[in-house]
Amino acid sequence: MAKISIDIKTGTIKKQKVIVGIDLGTTNSLIAYTKDGHPVAVRAQNNQTIVPSIIHFTEQGEILVGHEAKPYLISSPERTIYSVKRLMGKSYKDIASHSDFFTYKIIDDNTDHLVKVRVGDKFYNPIELSSHILKALKNAAEKELNVEINQAVITVPAYFNDSQRQATKDAGKLAGLEVLRIINEPTAASLAYGIGLNKDEVKTIAVYDLGGGTFDISILRIENGVFEVLSTNGDTYLGGDDLDKALAQYWIGTNNLPYSKVKDDKNFLQSLRLEAEQAKKVLSTEHSYQNTITWGDKSIHCYITRNGFEKIISPIIEKTIQCCKNAVQDAHISIEQIDAVVMVGGSTRVPFVKQTVKQFFNREPYDEINPDEVVALGAAIEADILSGNRKDIILLDVTPLSLGIETLGGLMDVLIPRNTKIPTQASRQYTTSIDGQTNLKISVYQGERELVKDNRKLAEFDLKGIPPMPAGLPKIQINFTLNADGILKVTAKELRSGIQQDIEVKPQYGLTDEQVEQMLLASLQNAQQDMQERQILEAIGEADQILYHTQKFIQKHADLITEQEKENTQKSILHLQDALKTRDKNLIYKAIDELNEVTKPFAERAMDIAIAEALKGKKI
Ligand code: AMP
């Protein structure tokens, strides 16, 4: 994808921008791009594509990432951070039950705030930590491609919630990357195998992902280029590491080692586990493994056959199959309905894993692509689609921007949030804010900002002929219907009188992908400012309503109000009007409260009279 093009106006050579795909994994991370239509993983470190997701902070303030950081896991565990992904978007409370898993210091503030890690006298949140990994990947890709990279697609597990996805996006931003899309890891893996690239294809697939420390199974349904997650299951603390531990345990037994002593010798335990990992890898191609290591003056024989290894790991693999059963059940399908099984994660290289999965799903799994790279390669394909290099493919499964209407004060009221699967429809009731209002202007907008002025207007129309009624009485139902082609139909109906108006708008064709992304980015960058602006406008709206009703009330019930009350009310009205000029929401609300306080006694009197009137003449 790193094409060179010539600007014919200026005669200069332009390097085309590269959008990368990143697999930000628990154990390892990778970065990939597309070259001549084919995804390629960057050899980021030590001529290897995988970069261990490990960060080491040296005493001198240097930050090491990946292979360089790995040795410090043993020599300086309290300054070396691994498995950051497990902390993304989580509070201490969320991970408290697993806190002994981490050898570094996680701050126990027992709150719902985002968890923090302490290294020396500094504190880091998982977003900052992940951004160091992303920066290292970005630098490696820039070096290999010799172009600046500032846009990416990043993958996350299908079960990641909104705050985990947002945290991942923020980490990208912090690393200097505009994250164009966050996509699900199983979706990326499918794309890498070309599944879902054909728009007419309808398929149900299972993605079995057994990594170093986590296991995920996802069932996806692909139709018209739409990837729908039917179910996910798994175990966030089950993976290749457990296979290593089980084999190390077995050797402790065969060598008659006193477990109570071994478990206190952390260095030996670690060497034994590394030996077991080595054996496991060898057994993926050979039929037996043999080596000798030492423990003090003892020789430890590490021997195992593939058959023996399979017996040891069988209960662990069985657990993954139980998860697969649950996932199939939750997806409300039968195993026969699954058209393809995709293997992801380094541990799926173990022949016994392949064989067990094949048996369970009763079909040959897709395993030709390197299982460590498959997710990153799929992310690179998605990046290629986003950069417009695959014009034939539209993966527009969802509406890319929110759709809504303008409400009082210029606020955006979203009816269909972005990322809603299409076709879809939504409706909501509104009312008028002025007495006797017979016309209602309905303005339809698209975008993520809180104020319509920052979004894009798609259409405007008038609902005419509303019978005159007091403010708040008309019931105006607005309905948005978005069909599969992305065409929006808006209907407005006054329910009391039945008058109706409708209009058709085509949102998607009006915007290029770039514009969509720009608007999303702007919404992220401006989110805080927008929220403040929204709060001010809400306060102003509320103040306007109160002023309007109070003045109307005083006119209507002049006989019920004493001169003193009139004077006090007038004073509070002036206060509120002054507060409105400041645009300070706290001052506005304070003045609203003051006015409410002053008007309360005579409002109550009026209410009592109204009730007495209503009861008059009613017989019990
Ligand atoms: P991942 O988290 O997907 O990078 O997976 C890493 C896990 O895959 C680790 O537990 C590795 O020990 C394991 N692994 C890597 N290569 C092999 C192999 N050839 N055979 C078995 N397991 C492997």
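Structural notes on the site of the ligand
Taken together, the neighbourhood of the ligand is formed by 16 residues, with Asn28, Gly212, Glu277, Lys280 and Ser284 sitting nearest. The separation between an oxygen atom of the ligand and a polar main-chain atom of Gly212 is 3.0 Å. Take Asp372: an N or O atom from its side chain is 3.4 Å from an oxygen atom of the ligand. Starting from 500 Å² of accessible surface for the ligand in isolation, the protein chains cover 85%. Of all elements in the fold, only α6 (240–254) and α8 (266–283) reach the threshold of two or more residues within the shell around the ligand. The class makeup of the residues in the shell around the ligand is one nonpolar, nine polar and six charged.

Side note on the pairing of strand β15 (residues 202–210)
Buried residues dominate β15, accounting for seven of its nine residues. In this structure, β15 lies alongside strand β16 (residues 215–223), joined through nine bridges in antiparallel fashion. Along β16, the bridge assignment pairs Lys203 with Ile222. Taken together, β15 and the strand that follows it, β16, pair antiparallel across an intervening segment of four residues. Relative to strand β20 (residues 340–344), β15 runs parallel, the two sharing five bridges. Bridge pairing in β20 links Tyr208 to Met343.

Some points on helix α15 (residues 563–582)
Spanning 20 residues, α15 covers 29 Å between terminal C-alpha atoms, matching the ideal 28 Å at 1.5 Å per step. Residues of α15 that are buried include every one of Glu565, Thr569, Ser572, Ile573, Leu576, Ala579 and Leu580, and no others. Across the axial projection of α15, the buried residues extend over an arc of 120°, all falling on one side. Away from its buried face by more than 90 degrees, α15 exposes Glu563 and Lys581.

So, the nonpolar core
With 49 residues, the main nonpolar core has Ile22, Ile81 and Ile106 as its most contacted residues. Once you skip the residues sitting within four places of it in the chain, Ile106 turns out to touch Leu87, Tyr92, Ile95, Val115, Lys116 and Val117. In this structure, Ile317, Cys323, Val353 and Val357 belong to the second largest nonpolar core, which totals 48 residues.

What about the confidence of the model for the protein chain?
Within the protein chain, residue pLDDT values average 87, and 89% of them lie at 70 or more. In this model residues 1–14 is a low-confidence stretch, pLDDT under 50, and it forms 28 contacts with partners more than four residues away in sequence or in other chains.

Details of the pattern of salt bridges
Between side chains of opposite charge, a pair can form as their charged atoms come close. The final tally for this structure, using the stated rule, is 24 salt bridges. For Asp435, the salt bridge goes to Lys552, with nearest N and O atoms at 2.3 Å. Taken together, the positions of Asp435 in the loop between β23 (424–430) and β24 (440–446) and Lys552 in helix α14 (residues 527–556) put the pair 117 residues apart, joining distant regions of the chain. Accessibility expressed as a relative area gives 29% for Asp435, which makes it partly exposed. Several salt bridges share partner residues, and in doing so they unite Lys441, Lys457 and Glu460 into one network.

A word on the environment of Ile385
Along the chain, the position of Ile385 falls in helix α11 (residues 374–386). Assessed through its relative accessible area of 10%, Ile385 is described here as buried. Separated by 366 residues in the primary sequence, Ile385 and Ile19 have C-alpha atoms spaced 9.7 Å apart.

Thoughts on the packing of helix α5 (residues 185–192) against α11
Between α5 and α11, whose axes approach to 7 Å, the crossing angle comes to 80°. One element, α5, and the other, α11, form an angle in the roughly perpendicular class. Seen from α5, the contacting residues are Glu185, Ala188, Ala189, Leu191 and Ala192; seen from α11, they are Val374, Val375, Leu377, Gly378, Ala379, Ile381 and Glu382. Residues belonging to the contact of α5 with α11 are distributed by class as follows: nine nonpolar, one polar and two charged.

A look at the sheet that holds β20
The four strands are arranged β17-β16-β15-β20 in an open sheet whose pairing can be described as mixed. Where the open sheet ends on each side, the last strands, each with one partner, are β17 (226–235) and β20. Shown here is a sheet whose adjacent strand axes are inclined to one another by a mean of 20°, direction ignored. Sheet topology places β16 next to β17; nine bridges connect them, and they run antiparallel.

Some remarks on the sheet that holds strand β7 (residues 54–57)
Paired through backbone hydrogen bonds, the strands of a sheet run either parallel or antiparallel to each other. Pairing is antiparallel in the open sheet, where three strands are placed in the order β8-β7-β9. The strands lining the two open edges of the sheet, one partner per strand, are β8 (63–65) and β9 (80–82). Neighbour-to-neighbour, the strand axes of the sheet open up by a mean angle of 20°, direction not taken into account. For β7 and β9, the ladder comprises three bridges, and the chain directions are antiparallel.

A look at the pairing of β24
Within β24, six of the seven residues are buried, which leaves it mostly tucked inside the rest of the structure. When strand β21 (residues 403–407) meets β24, the two strands line up antiparallel, connected through three bridges. Bridging across to β24, Ile405 finds its partner in Val444. Relative to strand β25 (residues 456–463), β24 runs antiparallel, the two sharing seven bridges. Paired with Gln446 across the strands is Arg456, a residue of β25.

What about unusual backbone geometry?
Within the chain, Ser83 stands out as a residue other than glycine whose phi angle is a positive 55°. Positive phi is not limited to glycine here, since His332 has a value of about 55°. Here His332 lies in the loop between α9 (306–330) and β20. The exposure class assigned to His332 is exposed, which follows from its relative accessible area of 72%.

A few points about the side chain of Asp244
Summarising the element assignment, Asp244 is placed in helix α6. Within the local environment of Asp244, its side chain forms a polar contact with the side chain of Lys280, the two groups lying 2.9 Å apart.

A closer look at helix α10 (residues 351–361)
Every buried residue of α10 is accounted for by Pro351, Phe352, Val353, Thr356, Val357, Phe360 and Phe361. Considering only its buried residues, α10 is in contact with β15, β16, α8, α9 and β20.

Rules and cut-offs
Residues numbered from 1 in each chain as written. Predicted model: local features only at pLDDT ≥ 70, side-chain atom pairs only at ≥ 80, totals over all residues. Heavy atoms only, no water. Near = heavy atom within 4 Å. Polar contact = N/O pair within 3.5 Å; in protein donor to acceptor, adjacent residues only side chain to side chain. Areas by Shrake-Rupley, 256 points an atom, 1.4 Å probe, with all protein chains shown as cover. Helix = DSSP H or I, 4+ residues; strand = E, 2+ residues; numbered from the N terminus. Nonpolar A, V, L, I, M, F, W, Y, C, P; charged D, E, K, R; others polar. Buried < 20%, exposed > 50% of the residue type's maximum accessible area, 1.4 Å probe, protein only. Pairing = 2+ DSSP bridges. Expected span 1.5 Å × (residues − 1). Arc of directions from axis to C-beta. Core = buried A, V, L, I, M, F, W, Y, C linked by side-chain atoms within 4.5 Å. Contact = heavy atoms within 4.5 Å. pLDDT = per-residue confidence, 0-100. Salt bridge = Lys/Arg side-chain N within 4 Å of Asp/Glu carboxyl O. Axes fitted to C-alpha atoms, helices over the stretch in contact; angles between N-to-C directions. Parallel < 35°, antiparallel > 145°, perpendicular 65-115°, else oblique.

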